[in-house]
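Descriptive analysis of the structure
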Amino acid sequence: MAATRVMVSASNIGTSSSLLFKTPFLKPHCLSLCFNNNTKLVSKKRSFTCSALYKPQLQIKEEGQPETLDYRVFFVDNSGKKVSPWHDIPLHVGDGAFNFIVEIPKESSAKMEVATDEIFTPIKQDTKKGKLRYYPYNINWNYGLLPQTWEDPSLANPEVDGAFGDNDPVDVVEIGESRGNVGQLMKVKPLGCLAMIDEGELDWKIVAISLDDPKASLVNDVDDVEKHFPGTLTAIRDWFRDYKIPDGKPANKFGLGNKAANKDYALKVITETNESWAKLVKRSTPAGELSLV
């Protein structure tokens, strides 16, 4: 199958954008691009605090076939240049909202992730011992990352058992009703976070909701999640605690009393990991095998 190109029009920033597609992974949903109208980012000089945003026309360009080792989902600007979803898409969109990139749509099991060690950091399916990875069962929420964040593996967190960062962007669990698509951008607001400890590494899970969700105005913190999405926080924790057990591995653990921290704590995590990312791309922190392009 020839590579498929999905065109995303962002000429009307702040609203849902048009999507044309011919791919089994990207399905007919409206793709919402969330950028600020008033400022722009010059690609050759990143704003490390993410206060300067840009409003591109983006294309999602697939290379290879889904569920194969060579399948990649690239992000391409309107000049045809590949850009990094991790480094080039801004974190902040204003008014306390953030860009969220869907890697794994809800009710799917292929373990898709940004390839942090590949140039332009495309989305690919994770592998183990040369084989494609799948969760043992579907994930029940949209799952992905916050761009321009990084969990520094050289930093121990004294509030979470001294665990070190997992060397990845910060993960997001988006609890809204709509199923996202691989590579979709959503404007979300954080509601809380879980401090997962995976084989000794700290792997934050930001719980968030799309601003386009019908219940978005009703939820602003963890208590609201319990009220309007009863049982969801426990279900998220239990899902991530147990998903490795069918493969013979121990359950993951959680810090912070095994409970979800509130929105303010989540915002602190986002700020700290954005600062870590800034040091990474400025090469103040060793990058190792990570791609900074």
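This text goes with the structure placed above it.
Summary of the structure given here. Predicted, not measured: the structure shown is a model, and the values here were computed from it.

Under the criterion given, the structure shown has eight aromatic pairs. The interplanar angle of 80° and the centroid separation of 5.7 Å between the aromatic rings of Y137 and W239 together place this pair among those described as edge-to-face. Here W239 lies in helix α2 (residues 232-242) and Y137 lies in strand β15 (residues 134-139), a separation of 102 residues in the sequence. Given a relative accessible area of 7%, W239 falls into the buried group. Among the aromatic residues, those joined into a cluster by ring pairs are Y135, Y137, Y143, W239, F240 and Y243. The ring of F74 has K82 lying over it, and the distance from NZ or CZ to the ring centre is 3.7 Å. Here the basic side chain of K215 rests over the ring of F229, its NZ or CZ set 4.9 Å away from the ring centre.

A separate point is the pairing of strand β21 (residues 201-210). Most of β21 is tucked away: nine of the 10 residues are buried. Both strand β18 (residues 163-165) and β21 contribute to a ladder of two bridges, which runs parallel. Note that in β21 the partner of G165 across the bridge is L202. Two strands pair when backbone bridges link them, and strand β20 (residues 185-198) and β21 are joined in this way by 10 bridges, in the antiparallel orientation. Directly across from P190, in β21, lies its bridge partner A208. The loop that links β20 with its antiparallel partner β21 comprises two residues; one of these, E199, has a positive phi angle of about 50°.

Once that is clear, we can look at the pattern of salt bridges. All chains considered together, the criterion is met by 15 salt bridges. In this structure, E113 and K111 form a salt bridge, with 3.6 Å as the shortest nitrogen-oxygen distance. With a shortest N-O distance of 3.1 Å, K268 and E159 are connected by a salt bridge. Residue K268 is found in helix α3 (residues 263-281), and its partner E159 is found in the loop between β17 (156-157) and β18; the two are separated by 109 residues along the sequence. You can call E159 partly exposed: its relative accessible area is 43%.

Next up on the list: the environment of V293. When you line up the elements, V293 lands in the segment after α3. When the C-alpha positions of V293 and V281 are compared, they lie 8.9 Å apart, and in sequence the two are 12 residues distant. What V293 contacts, discounting residues up to four positions off in sequence, is S84, H87, I119, F120 and T121.

Quick look at α3 now. The end-to-end C-alpha distance of α3, which contains 19 residues, comes to 27 Å, matching closely the 27 Å that a straight helix rising 1.5 Å per residue would cover. Buried within α3 are the following residues: K263, Y265, A266, V269, I270, T273, N274, S276, W277, A278, L280 and V281. Of the surrounding secondary structure, the elements contacted by the buried residues of α3 are β9 (97-104), β20 and β21. Sitting at the amino-terminal end of α3 is N262, which places a side-chain oxygen 3.3 Å from the backbone nitrogen of D264.

What follows is about unusual backbone geometry. Here the phi dihedral of T121 falls at roughly 40°; this positive angle occurs in a residue that is not glycine. Checked against the element boundaries, T121 lands in the loop between β11 (112-114) and β12 (123-125). With relative accessibility at 0%, the residue T121 sits in the buried group. For N167, which is not glycine, the phi torsion reads 70° and is therefore positive.

Reading the values: the criteria
- Residues numbered from 1 in each chain as written.
- Predicted model: local features only at pLDDT ≥ 70, side-chain atom pairs only at ≥ 80, totals over all residues.
- Heavy atoms only, no water.
- Phe/Tyr/Trp six-rings, centres within 6.5 Å; stacked < 30°, edge-to-face > 60°.
- Helix = DSSP H or I, 4+ residues; strand = E, 2+ residues; numbered from the N terminus.
- Buried < 20%, exposed > 50% of the residue type's maximum accessible area, 1.4 Å probe, protein only.
- Lys NZ or Arg CZ within 6 Å of the ring centre and 35° of its normal.
- Pairing = 2+ DSSP bridges.
- Salt bridge = Lys/Arg side-chain N within 4 Å of Asp/Glu carboxyl O.
- Contact = heavy atoms within 4.5 Å.
- Expected span 1.5 Å × (residues − 1).
- Polar contact = N/O pair within 3.5 Å; in protein donor to acceptor, adjacent residues only side chain to side chain.

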